[in-house]
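Next come the chains, spelled out residue by residue.
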Amino acid sequence: EAEVAQSPRYKITEKSQAVAFWCDPISGHATLYWYRQILGQGPELLVQFQDESVVDDSQLPKDRFSAERLKGVDSTLKIQPAELGDSAMYLCASISRESGTLGTDTQYFGPGTRLTVL
Amino acid sequence: AQSVTQPDIHITVSEGASLELRCNYSYGATPYLFWYVQSPGQGLQLLLKYFSGDTLVQGIKGFEAEFKRSQSSFNLRKPSVHWSDAAEYFCAVGPNTGGFKTIFGAGTRLFVKA
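This one's a predicted model, so the numbers in the text were calculated from it and none came from an experiment.

**As for the packing of aromatic side chains**
- Inspection of every chain in the model, using the stated rule, returns 15 aromatic pairs over all chains.
- With centroids separated by 5.6 Å and ring planes inclined at 90°, the aromatic side chains of Tyr 35 of chain A and Phe 104 of chain B adopt a geometry described as edge-to-face. With Tyr 35 of chain A in strand β4 (residues 31–37) and Phe 104 of chain B in strand β11 (residues 103–104), this pair bridges two chains. By the burial criterion, Tyr 35 of chain A is buried, and Phe 104 of chain B matches it.
- Taking the centre distance of 6.1 Å and the plane angle of 75° together, the rings of Phe 109 of chain A and Phe 104 of chain B count as edge-to-face. In this pair, Phe 109 of chain A is assigned in strand β10 (residues 107–109) and Phe 104 of chain B in strand β11, connecting two distinct chains. Each of the two residues, Phe 109 of chain A as well as Phe 104 of chain B, counts as buried.

In structure tokens form, the structure reads like this:
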């Protein structure tokens, strides 16, 4: 069964350093999401891509976070500089299209990258 | 504003006992509703979803959920819990039109005791 791949699985960094996370969605999935999940909370959307275009980045802290999906396939999320409050799980998800109908899409999540900022 | 409330931060049930996890939502239109499960250190797996039709939805791993519009609820149930069901469960709501921005609840941690 196809899966969403993410790397690294764990990342420890010091504050003010730069970090980058990578996501490879399921083949053929045009829509890709990055979520941040703080311990004890549900995932919160950071950015949504449709192919290579950003659809929604309203919750992305743009002073330090950036995301790209240059060829509309895999994606990178970067934080520079990292802050203590960025410690969280970063989840990537992609969507299949069922019956060609929006709204019935199922999000498939990757295993996440656990970031710890010291 | 859209929101999802899971009133129980954690629940403990005995193995073999029945389970009900509560979820209440606030949404301006008919929502799409989801339940996800997350094992420690893992991503989320979809258990079931409701879009329309029969308000009792069957999912994987023996779970079911019932949509009650009058109560704005979408509670998750399982008749007999197994030790492997111990995990975090998230209820989520999404729009029934394009855009598909999903809002998650804070989650309920399920503990299963022998």
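**Here's the deal with the interface of chain B and chain A**
- On the chain A side, the residues contacting the 20 residues of chain B number 26 residues.
- For the pair chain B and chain A, the summed buried area comes to about 1,700 Å², and 53% of that belongs to carbon and sulfur atoms.
- If you look at where chain B meets chain A, you find zero salt bridges.
- In this assembly, chain B and chain A are joined by two residue pairs in polar contact (both at pLDDT 80 or more).
- Looking at the side of chain B that touches chain A, the elements with two or more residues in it are β5 (32–38) and β6 (44–50) of chain B.
- The leading source of residues in the side of chain B that touches chain A is β5 of chain B, at four residues.
- Among the residues forming the side of chain B that touches chain A, the class breakdown is 10 nonpolar, eight polar and two charged.

Criteria and thresholds
- Residues numbered from 1 in each chain as written.
- Chains lettered and ligands numbered in written order.
- Predicted model: local features only at pLDDT ≥ 70, side-chain atom pairs only at ≥ 80, totals over all residues.
- Heavy atoms only, no water.
- Phe/Tyr/Trp six-rings, centres within 6.5 Å; stacked < 30°, edge-to-face > 60°.
- Helix = DSSP H or I, 4+ residues; strand = E, 2+ residues; numbered from the N terminus.
- Buried < 20%, exposed > 50% of the residue type's maximum accessible area, 1.4 Å probe, protein only.
- Contact = heavy atoms within 4.5 Å.
- Buried area = accessible area lost by both parts, 1.4 Å probe.
- Salt bridge = Lys/Arg side-chain N within 4 Å of Asp/Glu carboxyl O.
- Polar contact = N/O pair within 3.5 Å; in protein donor to acceptor, adjacent residues only side chain to side chain.
- Nonpolar A, V, L, I, M, F, W, Y, C, P; charged D, E, K, R; others polar.

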